[in-house]
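Coordinates in review
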Amino acid sequence: MNSQNTPIHVRLWHRDFWLMSIANMLLAMSIYILVPSMPIWLLETERFSQLEVGMAMGAFAFGLYIFGALCSWLVQRFRRNRICIYSIALMIGSISILYYVQGLRSEFVEFWVILLQRVLLGATFGLAQMILLSTLIIDTSESDKRTEANHSAAWFSRFAMSLGPIVGLVMFYYQDFDTVLLASVICAACAIVLILTVNFPFRSPSDTLHIFSLDRFFLTSGIPLYVNLLLISLVVGMIMSLGLSNRFYAVIMAGFFCALLAQRFVFRDAELKSEAVTGLILMIAVLLMIYTRPLPIIWYLAPLLLGMSIGIIGARFLLFFIKLSRHCKRGTSQSMYFLGWESGIAIGIGIGYAFFMNDDQGLLLTAMGLTIVALLMYNYYTHGWFLKHKNR
């Protein structure tokens with residue numbers, strides 16, 4: 001049976017690993033805090049059209065790739081933890097642009113300002129996360145526990161998908177958008193503090209150092225996995241554009257914990273294909289539930305299954321990327337997984353606002369179609385391709 005189980009080692013969870021994992025979660029939260037409230041602010045306060053809002057939210061995805069080719073050079077030429085800290089500081093600066101714009105209550109901001117702000121935010125967040133995931137977290141772990149470290153740290157980013165929107169919605173509805181921005185800045189600043197508390201020894205750069213490189217950025221051998229993951233995360237982003245409630249996001253968190261339990265007990269010795277297929281079937285079930293809405297219980301059951309689906313699929317695809325890469329390319333596989341997941345969500349949110357803002361039924365049908373395509377692609381092509389090309 002072609003199965004895989006990720007063991008748990010207590011020794012992995014030492015002080016430095018905890019600090020870096022929490023920093024990872026706070027950094028992701030600083031972005032997801034803005035997801036539910038920023039489109040409302042753009043629509044109601046800045047009077048943007050739904051197409052402009054969609055373009056602004058989706059522009060974040062393109063920013064994620066801007067500094068990727070420089071990532072390897074930066075972390076070898078300079079102290080890698082400092083580059084990460086500077087990137088987060090620039091993130092805070094780009095969020096502060098929105099705070100300045102919010103202060104101009106007597107006039108509307110130009111669309112290109114918001115577009116550039118979103119691209120800059122994506123670029124700085126992308127660089128910070130690629131360094132954090134592909135280098136810093138790995139450096140805090142022993143070599144024989146790095147797969148477990150990657151798998152565990154990624155769950156903290158996943159938790160941010162639920163915690164971030166909850167914080168953002170509470171701040172927006174009980175305070176104002178300024179408070180949302182302040183919460184985002186505080187999360188990013190706390191991430192900086194946690195990174196500063198961890199000591200990373202200096203490492204000499206390699207002899208063949210290139211300014212532009214795909215190392216720690218893009219794993220060309222994993223393109224089929226990347227495309228399949230992008231399709232799935234597109235659907236997740238489209239669902240997040242539906243204007244979900246705090247309760248919905250809170251139950252998604254419960255679904256994440258159910259996914260953790262399922263991985264430990266249900267899929268422990270299951271066939272390798274079962275997790276991704278089950279996750280995609282659950283996602284189709286969620287879309288059908290929201291589409292029909294026959295009973296109030298659906299608004300509890302749907303987010304629970306959605307959290308399980310996201311958790312199961314996300315964790316499995318991450319391990320696929322790790323096993324696809326050679327040992328020296330582990331960091332690159334992390335970055336490619338991050339790019340596929342986060343850019344898909346951002347583009348999905350953008351598509352949702354640009355084309356389906358007043359058409360939930362059309363969005364759900366389109367999302368169902370994309371999920372079915374992702375399921376067919378995985379079942380009949382990607383999984384077999386992975387088994388032929390994996391390195392571990």
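Please read these numbers as outputs of a predicted model, since none were measured by experiment.

Quick notes on the rules
- Residues numbered from 1 in each chain as written.
- Predicted model: local features only at pLDDT ≥ 70, side-chain atom pairs only at ≥ 80, totals over all residues.
- Heavy atoms only, no water.
- Helix = DSSP H or I, 4+ residues; strand = E, 2+ residues; numbered from the N terminus.
- Expected span 1.5 Å × (residues − 1).
- Buried < 20%, exposed > 50% of the residue type's maximum accessible area, 1.4 Å probe, protein only.
- Salt bridge = Lys/Arg side-chain N within 4 Å of Asp/Glu carboxyl O.
- pLDDT = per-residue confidence, 0-100.
- Axes fitted to C-alpha atoms, helices over the stretch in contact; angles between N-to-C directions.
- Parallel < 35°, antiparallel > 145°, perpendicular 65-115°, else oblique.
- Left-handed = near helix turned anticlockwise from the far one by under 90°.
- Contact = heavy atoms within 4.5 Å.
- Nonpolar A, V, L, I, M, F, W, Y, C, P; charged D, E, K, R; others polar.
- Patch = residues over 30% accessible without salt bridge, like charges linked within 9 Å, V, L, I, M, F, W, Y side chains within 5 Å.
- Areas by Shrake-Rupley, 256 points an atom, 1.4 Å probe, with all protein chains shown as cover.

1. Section: helix α12 (residues 298–324)
- Between its first and last C-alpha atoms α12 spans 38 Å; for 27 residues at 1.5 Å apiece the expected length is 39 Å, and the two agree.
- With 22 of 27 residues buried, α12 lies mostly within the body of the structure.

2. Observations concerning the pattern of salt bridges
- Per the stated rule, a full pass over the model turns up four salt bridges.
- Between R216 and D215 there is a salt bridge, and its shortest N-O distance comes to 3.4 Å. The exposure classification of R216 matches that of D215, with both residues buried.

3. A short note on unusual backbone geometry
- Positioned with a positive phi, R47 is a non-glycine residue whose angle comes to about 60 degrees.
- Positive phi, normally seen in glycine, also occurs at R216, with a value near 60 degrees.
- Tracing the backbone shows R216 in the loop between α8 (177–196) and α9 (223–240).

4. As for the confidence of the model for the chain
- This prediction gives the chain a mean pLDDT of 90; 94% of its residues lie at or above 70.
- When pLDDT is averaged over each element of the chain, α9 comes out on top at 97 and helix α4 (residues 71–77) at the bottom at 87.

5. What about the packing of α9 against helix α11 (residues 274–292)?
- For the pair α9 and α11, interaxial distance at closest approach is 12 Å and the crossing angle is 25 degrees. Judged by the inter-axis angle, α9 sits roughly parallel to α11. Seen along the crossing, α9 lies across α11 with a hand that is left-handed. Residues I232, V235, V236 and I239 of α9 form the contact with α11, whose own contacting residues are L280, M283 and L287.
- When grouped by side-chain class, the residues that make up the contact of α9 with α11 number seven nonpolar, no polar and no charged.

6. Things to note about a nonpolar patch on the surface
- Judged by side-chain polarity, L51, M55 and F355 come together as a nonpolar surface patch covering roughly 310 Å² of accessible area.
- Tracing the backbone shows F355 in helix α13 (residues 330–355).
- We classify F355 as exposed; its relative accessible area is 56%.

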